[in-house]
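# Examining the three-dimensional arrangement
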Amino acid sequence: MWRASVLTIFPEMFPGPLGLSLAGKALALGAWSLDAVDIRSFATDKHRTVDDTPAGGGPGMVMKADVLGRAIDAVAADARPRLLMSPRGTPLTQARIETLTQDVGVVLVCGRFEGIDERVIAARGLEEVSVGDYVLSGGEIAAMALIDACVRLLPGVMGTAASGAEESFTDGLLEYPHYTRPQLWEGRPIPEILTSGDHAKIAAWRRAEAERLTKERRPDLWAAFLSRFRKPPPDRMTGG
């Protein structure tokens, strides 16, 4: 079973959306498990303090190394990847998600306030992971996004294997447009080729649309796609 352990000061936020739809059904059926751990339960004072003022001064508060360290030690005794949801982390990609689903699960640390004591990151081998170039109030929503992306790829969670094979980022491109009935909506028809029954032409149209959208909307992905899947033009000087 794929196991997700989430360390947070707001365990009541879980399962939240993860208890609904595909992820929720899979959770109820035992395809994966979720353990939301309250970091405050590892504090030793009567106020269950998890934060303190930043060394060197400055605004806000920082999560304490001793409290968070104890929480991680109590939960992450196995070999699961230890991920810290952080805006300064490595951007999360579909390829990384696919790798995480091949493991036995993940341990996710959700920071709050200005962040966590840097010493915990080094001492507990936390890998910082980001879901985008923006700042959230804490790591919980980012953790939910990561878990949802993983769970939907677990065997048997999606209806058909093809559902995950032809979507954005699978082959380095954004996904092609989708349509369904009615045939005409507000004067806008479904592209004729999609109702032609010619599967080869439909596949070619979808590929062309995926390339067009990627080129228009994500030039970074388009450049990476070209470098990976297309040969460079011959060198006119050498003919190579």
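Each remark here, short or long, concerns the structure printed above.
Calculation notes
- Residues numbered from 1 in each chain as written.
- Predicted model: local features only at pLDDT ≥ 70, side-chain atom pairs only at ≥ 80, totals over all residues.
- Heavy atoms only, no water.
- Axes fitted to C-alpha atoms, helices over the stretch in contact; angles between N-to-C directions.
- Helix = DSSP H or I, 4+ residues; strand = E, 2+ residues; numbered from the N terminus.
- Parallel < 35°, antiparallel > 145°, perpendicular 65-115°, else oblique.
- Left-handed = near helix turned anticlockwise from the far one by under 90°.
- Contact = heavy atoms within 4.5 Å.
- Nonpolar A, V, L, I, M, F, W, Y, C, P; charged D, E, K, R; others polar.
- Pairing = 2+ DSSP bridges.
- Phe/Tyr/Trp six-rings, centres within 6.5 Å; stacked < 30°, edge-to-face > 60°.
- Buried < 20%, exposed > 50% of the residue type's maximum accessible area, 1.4 Å probe, protein only.
- Arc of directions from axis to C-beta.

## Thoughts on the packing of helix α3 (residues 94–101) against helix α5 (residues 140–151)
Interhelical geometry of α3 versus α5 gives an angle of 70° and a closest axis separation of 9 Å. Comparing the axis directions of α3 and α5 gives the class roughly perpendicular. In the packing of α3 onto α5, the handedness of the crossing is right-handed. Between α3 and α5, the contacting residues are Ile97, Leu100 and Thr101 on the first element and Leu146, Ala149 and Cys150 on the second. The class makeup of the residues in the contact of α3 with α5 is five nonpolar, one polar and no charged.

## Some points on the sheet that holds strand β1 (residues 2–8)
Ordered in space as β2-β1-β6-β5-β7, the five strands form an open sheet in which the pairing is parallel. The sheet is open, and its two borders are formed by β2 (32–38) and β7 (127–130), each paired with just one other strand. Across the sheet, the axes of successive neighbouring strands diverge by a mean angle of 35°, strand direction being ignored. The pairing of strand β5 (residues 82–91) with β7 spans five bridges and is parallel. Opposite leucine 83, over in β7, you have glutamate 127 as the bridge partner. Contacts from helix α2 (residues 65–75) reach β1, β2, β5 and β6 (105–110) within the one sheet, and its direction differs from that of β1 by about 165°.

## Digging into the packing of aromatic side chains
The description of two aromatic rings rests on the distance between their centres and on the angle between their planes. Tallied over the entire structure, the rule returns one aromatic pair. On the basis of an interplanar angle of 25° and a centroid distance of 5.5 Å, the ring pair of tryptophan 222 and phenylalanine 225 is categorised as stacked. Pair noted here: tryptophan 222 and phenylalanine 225 are both in helix α8 (residues 219–229), with a separation of three residues, about one helical turn.

## Comments concerning α3
Looking at α3, one finds that the buried residues are Gln94, Ile97, Leu100 and Thr101. The buried residues of α3 occupy one face: seen down the axis, they fall within an arc of 115°. Lining the buried residues of α3 we find β1, β5, β6 and α5.

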